[in-house]
Amino acid sequence: MSLHMTDWQPTRRVVLGGLAALPFAGGLARAQDKPITRAIPSSGEALPVLGMGSWITFNVGEDTRLRDQRAEVLREFFAAGGKVIDCSPMYGSSAEVIGYGLEKLGRPAQLFAAEKVWTWWTSEGPEQMEEQRALWGVGRFDLMQVHNLLNVDEHLETLTRWKEEGRIRYLGITTSHGSRHDEMEAVMTRAPLDFVQLTYNVLDREAEARLLPLAADRGQAVIVNRPFRQKALIRHVEGHPLPDWAAEIGAATWAQFLLKFIVSHPAVTCAIPATSRVDHMAENMAVLTGPLPDADLRRRMVEAVENL
Amino acid sequence: MFPFDAEVLTSTYRLYNAAVWPAQPAALALALAALWLAVAPRAWSARAVGLVLAAGWAWCGLIFFLRHWSQLDFMAPVYAGAFLVQAALLLILLVWRRRTFSAAGDAAGIAGLVLAGLAIFGLPLLSGLGEPGFAAARIAGLAPGPTAAFTLALLPALEGRPPWLLVPVPLLWGGVAAVTGWMLGVPENLAVAALIAAATALLVWKARPAA
């Protein structure tokens, strides 16, 4: 059964049903030639299930050699069918380095630019977002998120106005490290969000209980950060052999194994691993065109990693 | 925890050193002069050393953190503020209050001067002989780690009670250096933390009640 999910919308029943009701339940999706996509619930627009984060990896300052190397990482990302790039004012020079890379690559049309607003002061939000836009060198951001729920209600008012004015296309909120889920749940319930961003991976699965079902219920796209716990998960599994059955889901490496677990959750729109290496980007992006695990295999994936 | 990696840390020091050249020989000369004034003190030595140290801390706050480091680390303004506070404290406690260095030189003071020498020469050598190279060397008066270590290491050589108000900021910076060094695997940061810890231990030892 195909796993092209552009037209498929997750429902609360599917998410809470332990994925048993997924369209591919009971079997594996066949290998894909085109990138696996998910629809943004509020618009139906399709996004590849893998995007790119930039925390640490793109914060290289003014070093031209490192900037050029990161541009090559971006080139690999777009060549493999990537769209979503996520950044934040908190990430130092990352926005400027992304802008440098985009300029060098001729401003790829498929870019889906996701930024954040991160300031205590409401009045500073618009100025900060404009500064980030200039650094990226884009006409407008596709998605603007309130970073770590900082001053969330005030900034959401601004973002709602900006969306109405066409200055951004989507709005959302973020959290990370599995923290502040109660507060996030409250905002998800009361605010008309297009996106939420949270931490979810094979060991950090708290979001499965409430946030992912709620996102499906409320029609909110989900971006997953820290898919590798910032390398800690890779260190946890490296040196151990992949399970034999990993080949059934087309996972040739642990990184692909871990990413496939995340993006096979029906409520997840995309995961955003960050890397500074071209070969790692290619390794990650291979996940876009292979089979994904069904509910039974996902359970085995959890057991495999937990038992290492 | 930190928004950069070890490679970028080294790269930033390399670019910073190129941008502020030829401040390095001037800073080294001033640090050596300060060390000499502590080794062979005159009545005005502590005031002169206080001025040199305050200038180094102010430079780190204004030039290193606000002009160069701020593009990488959102904490840069906080660090800059702390370094400027330390510069002001040095002016008050060493220049205005007219402290003096001990001519006799007790064990703690002598050991502190050895640590100060390591802060001036050992830390740049560690970079120079290691992977970063001399282009990315950290110089006392221009880079925060050696400046903090050098400052704290000179304090045991002062006569009388240690000026404890001069300890918290360098000590906190030693903590930052230790965490950065440990998490990113940067030997220079771990060396800075070790020097600061050793200098603090000397101050505590010197201030112990007489038996």
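These numbers were taken from a predicted model, which means no experiment stands behind them.

Chemist: Any chance you could explain the confidence of the model for chain A here in plain terms?
Modeler: Low-confidence regions, as indicated by low pLDDT, have predicted coordinates that should not be scrutinised in detail. In this model, chain A carries an average pLDDT of 90, and 89% of its residues clear a pLDDT of 70 or more. Scored below 50 in pLDDT, residues 17-31 of chain A makes 39 contacts in the model with residues more than four places away or belonging to other chains.

Chemist: Would you explain the confidence of the model for chain B in this entry?
Modeler: All names here are of chain B. When pLDDT is averaged along chain B, the result is 95; 99% of the residues meet or exceed 70. At the level of individual helices and strands, chain B shows its lowest average pLDDT in helix α5 (residues 107-129), which scores 95, and its highest in helix α6 (residues 144-154), which scores 98. Taken together, the chains of this predicted complex give a pTM of 0.89 and an interface ipTM of 0.88.

Chemist: Would you mind going over helix α4 (residues 125-136) of chain A with me for this structure?
Modeler: For an α-helix, 3.6 residues make a turn, and residues three or four places apart therefore share a direction. Residues and elements named next belong to chain A. The end-to-end C-alpha distance of α4, which contains 12 residues, comes to 17 Å, matching closely the 16 Å that a straight helix rising 1.5 Å per residue would cover. Turning to α4, its buried residues number three or more, namely Gly-125, Met-129, Gln-132, Arg-133 and Trp-136. Buried residues of α4 fall within an arc of 105 degrees about the axis and therefore sit on the same side. Exposed residues on α4 whose side chains face more than 90 degrees from its buried face are Glu-127, Glu-130 and Ala-134.

Chemist: In this structure, what is going on with the nonpolar core? I would like to understand it.
Modeler: Nonpolar side chains tend toward joint burial in soluble globular proteins. Grouped together as the largest cluster of nonpolar side chains are 156 residues, with contacts concentrated most on Val-222 and Ala-271 of chain A together with Ala-119, Ala-149, Ala-153 and Leu-195 of chain B. In terms of residues, this core owes the most to one element, helix α3 (residues 45-68) of chain B, which gives 10 residues. Beyond its immediate stretch of four places on either side in the chain, Val-222 of chain A contacts Val-196, Leu-198, Leu-212, Ala-215, Ala-267, Val-268 and Thr-269 of chain A.

Chemist: Which parts of the structure should I look at to understand the interface of chain B and chain A?
Modeler: For an interface, size is often stated in terms of accessible area lost upon the parts coming together. Taken together, the 11 residues of chain B in the interface contact 12 residues of chain A. Taken together, the residues of the side of chain B that touches chain A break down into 6 nonpolar, 3 polar and 2 charged.

Chemist: Sorry if this is basic, but what is going on with the sheet that holds strand β8 (residues 221-225) of chain A here?
Modeler: Sheet strands pair via backbone hydrogen bonds, and the direction of the pair is either parallel or antiparallel. Residues and elements named next belong to chain A. The strand order across the open sheet formed by 7 strands is β3-β4-β5-β6-β7-β8-β9, and the pairing between neighbours is parallel. Each having just a single partner strand, β3 (84-86) and β9 (270-271) make up the two edges of the open sheet. Relative to β8, strand β7 (residues 195-199) runs parallel, the two sharing 5 bridges. By the bridge assignment, Leu-198 is partnered in β8 with Val-224.

Chemist: Help me understand the packing of α3 of chain B against α6 of chain B, please; the structure alone is not making it clear to me.
Modeler: In a pair of packed helices, the angle between the axes and the distance between the axes together describe the arrangement. Residue and element names in this part refer to chain B. Where α3 meets α6, the closest approach of the two axes is 10 Å, and the angle between their N-to-C directions is 155 degrees. Comparing their axes, α6 and α3 come out roughly antiparallel. Crossing handedness for the pair α3 and α6: left-handed. Across from Val-49, Leu-53, Gly-56, Trp-57, Cys-60 and Phe-64 in α3, the residues of α6 making contact are Pro-144, Thr-147, Thr-151 and Leu-154. When its residues are assigned to classes, the contact of α3 with α6 shows 7 nonpolar, 3 polar and no charged.

Chemist: Could you clarify how one ought to interpret helix α4 (residues 76-96) of chain B in this entry?
Modeler: All names here are of chain B. With 21 residues, α4 should cover 30 Å at 1.5 Å per step; its first-to-last C-alpha distance of 29 Å lies within 8% of that length. Among the residues making up α4, those that are buried are Tyr-79, Ala-80, Ala-82, Phe-83, Gln-86, Ala-87, Leu-89, Leu-90 and Leu-94. Contacts made by the buried residues of α4 are with α3, α6 and α7 (168-184). Directly after α4, the chain includes Arg-98, whose backbone phi takes a positive value near 55 degrees.

Procedures and definitions
- Counting from 1, residues in each chain are numbered in the order their sequence is written.
- As a convention, the first chain written is A and the first ligand written is 1, with the rest following in written order.
- With pLDDT at 70 or above as the cut-off, local features in this predicted model cover only qualifying residues; side-chain atom pairs require 80 or more to be listed or tallied, and sums for whole chains, interfaces and linings still use all residues.
- Note: pLDDT gives the predictor's confidence per residue, expressed from 0 to 100.
- Our contact criterion uses C-beta atoms placed from the backbone: two residues qualify when those atoms are within 7 Å.
- The secondary structure listing takes helices from DSSP runs of H or I that are at least 4 residues long and strands from runs of E that are at least 2 residues long, numbered from the N terminus.
- Multiply 1.5 Å by the residue count of a helix minus one, and that product is the helix's expected span.
- Here a residue counts as buried when 20 or more other C-beta atoms fall within 10 Å of its C-beta, as exposed when 12 or fewer do, and as partly exposed in between; the C-beta atoms come from the backbone.
- This arc corresponds to the set of directions leading from the helix axis out to the C-beta atoms.
- A set of buried Ala, Val, Leu, Ile, Met, Phe, Trp, Tyr and Cys residues, joined to one another through C-beta atoms within 7 Å, is what we call a nonpolar core.
- Each residue receives one of three labels: charged for Asp, Glu, Lys and Arg, nonpolar for Ala, Val, Leu, Ile, Met, Phe, Trp, Tyr, Cys and Pro, and polar for the others, Gly being one of them.
- Whether two strands pair depends on DSSP finding at least two bridges between them.
- Only the stretch in contact is used when fitting a helix axis, every axis being a line fitted to C-alpha atoms; angles between N-to-C directions are given from 0 to 180 degrees.
- When an angle is under 35 degrees it counts as roughly parallel; over 145 it counts as roughly antiparallel; between 65 and 115 it counts as roughly perpendicular; any other value is oblique.
- When the near helix sits turned anticlockwise from the far one by under a right angle, the crossing is termed left-handed; a clockwise turn instead gives a right-handed crossing.

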